Amino acid sequence: MLRKKRKTETRSGNGLAKSPTGIAGLDEITNGGIPRGRPTLVCGGAGSGKTLFAIEFLVRGAVEFGEPGVFIAFEETADELAKNVRSLGFDLDKLSRQKKLAIDYVHVERCEILESGEYDLEGLFIRIAHAVKSIGAKRIVLDTVEALFAGLSNDFILRGELRRLFRWLKDEGLTAVITAERGVSTLTRQGLEEYVSDCVILLDHRVIDQMATRRMRVVKYRGTIHGTNEYPFLIDKQGFSVLPVTGLSLEHQATSARLSSGIPELDAMLGGKGYFRGSTVLITGTPGTGKTSMAAHFVDAACRRGERCSFLAFEESESQILRNMRSIGLDLGQWLKKGLLQIKASRPTLLGLEMHLVTVHQEIEQFRPRNVVIDPITDFEAVGSHGDAKTMLLRIVDFLKSRQITAVFTSLISEDTTPGAAEVGISSLIDTWLLLRNLEQAGERNRSLYILKSRGMPHSNQIREFVLTNHGARLIKVAIGPDGIVTGSSREALQAREKSNGIANEQSRQSRRRSLDHKHTALLARLKALQSEFDAEANAVMTDIEQEGLREKHAQAQRSRLVQSRTERSRRFTPVKDDGK
Amino acid sequence: MKKATKNGPDGRNKTQSRTKSKRASGEDTHRSPELWELRLYVAGQTPRSLTAFANLKGICEEHLAGKYHIEVIDLLKNPQLAKGDQIVAVPTLVRRLPEPVRKIIGHLSDTDKVLVGLQLRPRGLE
């Protein structure tokens, strides 16, 4: 029944001993808790949670750190206190029986008391000492010691005695929480901060734009560093929690593991692999551009991998989301049934920002998802101011990153905003930022998507047309026409035109090719004709030449015969001298 | 008012010191004929608690002779008794009876105030 005891003492660098309060977040802000063995003043207005703070300090001390505590109540009886905190799961009666907690109700009623002569508060001291001794207390709460000022009229004595009381608490080594009502111009109505000067914590419960928000600030903490900002805190079923739970450091691990966005074409644009695990993705878009659908794709892909996914919806109910996503072919219902998906739908204005933050925290603590979708984050601004919403988102992002949870946020921007301008506040928190826009052209409206940034990975610089089909979202390369990019039916028209042009061109090419062929054939034919003509001519010429040769030979032969015959005839008439041969 | 010195030994007799006087004085007994039960809470034998006891005794002798009963409780010895009567300051005089319970804190030096506080004298009558 007793939880494992944690370290009961923490020490900051300079050696100042601290007592962890066990209050979620506070120990991070104060770097270990409140000063050990010294009084801490917790002040705030009515209903700011002082008493609860004090009770939780004691209960956690007793249960988690094994330090019994005394509660000196000036305003409520032990019974009332026990009843008030029972809803938070604190069983004061049981702790009292186990001697881990002692409650002493100190009631001072002015009308019952008459003062005559000198007195001191030794009676109170004795009671406190008795209570402390009876259980060996290490922690003590005085709630609210200022009630004494209402009951006793001698301020002079009272102040002297309080100073002595705080001194005494220190001497006894008790880690004390003293609560006090906030004054008009001072931290406390009775100026108790004069006496308790080691650590002062201010609680505030204010209403801005009809929304109540709780804030806490460590006004002063002597001898140690501490977070000085105002931190939102909440009081819920688990008690007091100060945010951020993740504290002040920025040291989350970054993995290089990648996971699919659920849309293959988008993965391709993101260096082929999709988002980084543990990164924060923002999908910004004008109304009706398909932000939720994109987020749903991510959810579907995550569940398909068997990972748990939380869908925090602030605009649509669960069944509405299921129906709408079914229309684009995503059956998220199956993941709900398998317990991989949890949809939590609520109106953003239902709760204050801090409460939303805690809802996120609790959802994550209980369901332990690996992926979270918040749809949309824009609505937070309806709850708080821009700055508050940003701080809250920062804390959510911080928290999710520290747990390596991949987050997809959607955000609505109006048509006329320059992309990026509206979200400047949170752009620095975002790792991958997708922008969805409507392109109006040729009498229709088409969705387009581009990647505004994506840290740590190569990503496409192109605008893609984003089409929601019955089978999910698709990304299509936009066509570049003579007048810039064209989408939708214009793109189709362009493609058709290009196709028909292509056919025509092909035909013309073919005919040209054919005519060339023709020409070639004709040329060949002509060449052949010429050749044969030439051959014929050559033949004729050669025959001529031959006949001429023959004729010449013949003529020569005749001539020689003629010469011969002439010579024979002269011999007969003149004797040949060499006749004797 | 009687002298404080007379009550020295009684004051040392811290708890359950009982002083009864048989002397009938009866000047201021017009209001309550029954027994007055008074408790004086002190923290140790400080001069202040001794003075308180002496002053109380004197007043009782003078106004409630014979029908009062003073119980002195030393919180240093019985710290647990402080809770019951909601004691914060010391010395505190608690009128247990007659009801309603009344408390007077301080060393009871202002007799008039004590008388008013004990309702032995209505406010503003004198």
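Residues numbered from 1 in each chain as written. Chains lettered and ligands numbered in written order. Predicted model: local features only at pLDDT ≥ 70, side-chain atom pairs only at ≥ 80, totals over all residues. Heavy atoms only, no water.

**Remarks on the overall build of chain B**
Phase 1 of the analysis: Tallying secondary structure elements over chain B gives four helices and four strands in all.
Phase 2 of the analysis: In chain B, buried positions account for 52% of the 126 residues.
Phase 3 of the analysis: Long-range contacts, defined here as pairs at least 24 residues apart, represent 71% of the contacts in chain B between residues at least 6 apart.
Phase 4 of the analysis: Per element, the accessible surface of chain B, about 6100 Å² overall, is 51% carbon and sulfur. (Helix = DSSP H or I, 4+ residues; strand = E, 2+ residues; numbered from the N terminus. Buried < 20%, exposed > 50% of the residue type's maximum accessible area, 1.4 Å probe, protein only. Contact = heavy atoms within 4.5 Å. Areas by Shrake-Rupley, 256 points an atom, 1.4 Å probe, with all protein chains shown as cover.)

**Considering the environment of Gly61(A)**
Residue and element names in this part refer to chain A.
Phase 1 of the analysis: Along the chain, the position of Gly61 falls in helix H2 (residues 50–64).
Phase 2 of the analysis: The class for Gly61 is buried, based on a relative accessible area of 0%.
Phase 3 of the analysis: Each C-alpha atom of the pair Gly61 and Ser19 lies 8.7 Å from the other, and the pair is 42 residues apart in sequence.
Phase 4 of the analysis: Those residues in contact with Gly61 that lie beyond four places of it in its chain are Glu56, Gly66, Glu67 and Arg139.

**Re the interface of chain A and chain B**
Phase 1 of the analysis: The interface is formed by 25 residues belonging to chain A together with 27 residues belonging to chain B.
Phase 2 of the analysis: Taking both sides of the interface into account, the surface hidden between chain A and chain B amounts to around 2200 Å²; carbon and sulfur atoms contribute 57%.
Phase 3 of the analysis: On inspection of chain A and its partner chain B, the count reaches two salt bridges.
Phase 4 of the analysis: Between Arg48(B) and Glu118(A) there is a salt bridge; the shortest N-O distance is 3.4 Å.
Phase 5 of the analysis: On inspection of chain A and its partner chain B, the count reaches 18 residue pairs in polar contact (both at pLDDT 80 or more).
Phase 6 of the analysis: Elements with a contribution of two residues or more to the side of chain A that touches chain B: strand S6 (101–105), strand S7 (113–115) and helix H5 (122–135) of chain A.
Phase 7 of the analysis: With six residues, H5(A) is the largest single contributor of residues to the side of chain A that touches chain B.
Phase 8 of the analysis: Its residues assigned to classes, the side of chain A that touches chain B shows 13 nonpolar, five polar and seven charged.
Phase 9 of the analysis: Summarising the sheet, S7(A) and strand S4 (residues 102–105) of chain B pair through three bridges and their orientation is parallel. Bridge pairing in S4(B) links Leu114(A) to Ile104(B). (Buried area = accessible area lost by both parts, 1.4 Å probe. Salt bridge = Lys/Arg side-chain N within 4 Å of Asp/Glu carboxyl O. Polar contact = N/O pair within 3.5 Å; in protein donor to acceptor, adjacent residues only side chain to side chain. Nonpolar A, V, L, I, M, F, W, Y, C, P; charged D, E, K, R; others polar. Pairing = 2+ DSSP bridges.)

**Structural notes on the packing of helix H12 (residues 353–367) of chain A against helix H14 (residues 386–402) of chain A**
Residue and element names in this part refer to chain A.
Phase 1 of the analysis: Two numbers describe how H12 lies on H14: the axes approach to 10 Å, and their chain directions differ by 10°. On the basis of the axis angle, H12 is roughly parallel to H14. Handedness of the crossing formed by H12 with H14: right-handed. Of the residues in H14, those in contact with Leu353, His356, Leu357, Val360, His361, Ile364 and Glu365 of H12 are Asp388, Ala389, Met392, Arg395, Ile396, Phe399 and Leu400.
Phase 2 of the analysis: Classifying every residue of the contact of H12 with H14 gives nine nonpolar, two polar and three charged. (Axes fitted to C-alpha atoms, helices over the stretch in contact; angles between N-to-C directions. Parallel < 35°, antiparallel > 145°, perpendicular 65-115°, else oblique. Left-handed = near helix turned anticlockwise from the far one by under 90°.)

**Side note on the pairing of strand S12 (residues 230–236) of chain A**
Residues and elements named next belong to chain A.
Phase 1 of the analysis: Among the seven residues of S12, five are classified as buried, and the element is accordingly described as predominantly covered.
Phase 2 of the analysis: Here four bridges tie S12 to strand S13 (residues 239–242), and the two strands are oriented antiparallel to one another. Counterpart to Asp236 in the pairing with S13 is Gly239.

**Topic: H14(A)**
Residues and elements named next belong to chain A.
Phase 1 of the analysis: For H14, spanning 17 residues, the distance from its first C-alpha to its last is 24 Å, which sits close to the expected 24 Å at 1.5 Å a residue.
Phase 2 of the analysis: Within H14, burial applies to Ala389, Met392, Leu393, Arg395, Ile396, Val397, Asp398, Phe399, Leu400 and Lys401.
Phase 3 of the analysis: Two residues or fewer after H14 comes Gln404, characterised by a positive phi angle close to 60°. (Expected span 1.5 Å × (residues − 1).)

**Comments concerning unusual backbone geometry**
Phase 1 of the analysis: The omega torsion across Asp375(A) and Pro376(A) is -15°, close enough to zero to call that bond cis.
Phase 2 of the analysis: By the element assignment, Pro376(A) lies in the loop between strand S19 (371–375) and helix H13 (380–383).
Phase 3 of the analysis: Here the amide bond leading from Val90(B) into Pro91(B) is cis, since omega sits at -5°, within 30 degrees of zero.
Phase 4 of the analysis: Looking at where Pro91(B) falls in the secondary structure, it is placed in the loop between helix H3 (81–84) and strand S3 (92–97).
Phase 5 of the analysis: Within the chain, Lys99(A) stands out as a residue other than glycine whose phi angle is a positive 60°.

**A few points about the pairing of strand S24 (residues 472–477) of chain A**
All names here are of chain A.
Phase 1 of the analysis: Direction of pairing for strand S23 (residues 464–469) relative to S24: antiparallel, over a ladder of six bridges. From the neighbouring strand, Arg464 faces S24, where its bridge partner is Lys477.
Phase 2 of the analysis: Between S23 and the antiparallel strand that follows it, S24, lie two residues.

**So, the packing of H5(A) against helix H7 (residues 155–171) of chain A**
All names here are of chain A.
Phase 1 of the analysis: For the pair H5 and H7, the least separation of the axes is 11 Å and the interaxial angle reads 20°. Here H7 runs roughly parallel to H5, going by the angle between their axes. Both H5 and H7 take part in a crossing whose hand is right-handed. Two secondary-structure elements touch here, H5 through Glu122, Phe125, Ile128 and Ala129 and H7 through Glu161, Arg164, Leu165 and Trp168.
Phase 2 of the analysis: Of the residues belonging to the contact of H5 with H7, the class tally is five nonpolar, no polar and three charged.

**Some points on the confidence of the model for chain B**
Phase 1 of the analysis: With 69% of its residues at a pLDDT of at least 70, chain B reaches an overall mean of 72.
Phase 2 of the analysis: Reported confidences for the modelled complex are a pTM of 0.63 and an ipTM of 0.73. (pLDDT = per-residue confidence, 0-100.)

**Focus: the pattern of salt bridges**
Phase 1 of the analysis: Taken as a whole, this structure holds 28 salt bridges over all chains when the rule is applied.
Phase 2 of the analysis: With its nearest N and O atoms 3.2 Å apart, the salt bridge here joins Arg305(A) to Glu307(A).
Phase 3 of the analysis: In this structure, Glu363(A) engages Lys344(A) in a salt bridge whose closest nitrogen and oxygen atoms are separated by 3.5 Å. Placement of the pair is Glu363(A) in helix H12 and Lys344(A) in strand S18 (residues 341–345), with a sequence separation of 19 residues.
Phase 4 of the analysis: Three or more residues are tied together by salt bridges with common partners; here these are Arg39(B), Glu71(B), Asp85(B) and Arg96(B).

**Describing the side chain of Ser261(A)**
Residue and element names in this part refer to chain A.
Phase 1 of the analysis: Relative to the helices and strands, Ser261 resides in the loop between strand S14 (258–259) and helix H8 (264–269).
Phase 2 of the analysis: Of the polar contacts made by the side chain of Ser261, one reaches the backbone oxygen of Ile263; its length is 3.3 Å.
Phase 3 of the analysis: Every residue in contact with Ser261, bar those within four places of it in the chain, is listed here: Leu266, Asp267, Tyr275, Met294, His297 and Phe298.

**Brief notes about the nonpolar core**
All names here are of chain A.
Phase 1 of the analysis: Core analysis: the largest hydrophobic core is formed by 44 residues, its most contacted members being Ile140, Leu142, Val145, Leu148, Phe166, Ile178 and Leu192.
Phase 2 of the analysis: Contributions of two or more residues to this core are made by strand S4 (39–44), strand S5 (69–73), H5, strand S8 (139–143), helix H6 (147–151), H7, strand S9 (175–181) and strand S10 (199–208).
Phase 3 of the analysis: The element contributing the most residues to this core is H7, with seven residues.
Phase 4 of the analysis: Among residues more than four places away in sequence, those in contact with Ile140 are Phe57, Leu58, Val70, Ile72, Ile128, Val132, Leu169, Leu174, Thr175, Ala176 and Val177.
Phase 5 of the analysis: In this structure, Phe276, Ile328, Leu434 and Leu475 belong to the second largest nonpolar core, which totals 39 residues. (Core = buried A, V, L, I, M, F, W, Y, C linked by side-chain atoms within 4.5 Å.)

**So, the state of the cysteines**
Phase 1 of the analysis: Following the criterion strictly, the structure yields zero disulfides over all chains and no others.
Phase 2 of the analysis: Of the cysteine sulfurs around Cys303(A), a residue in no disulfide, the closest is that of Cys309(A), at 5.1 Å. (Disulfide = S-S within 2.5 Å.)

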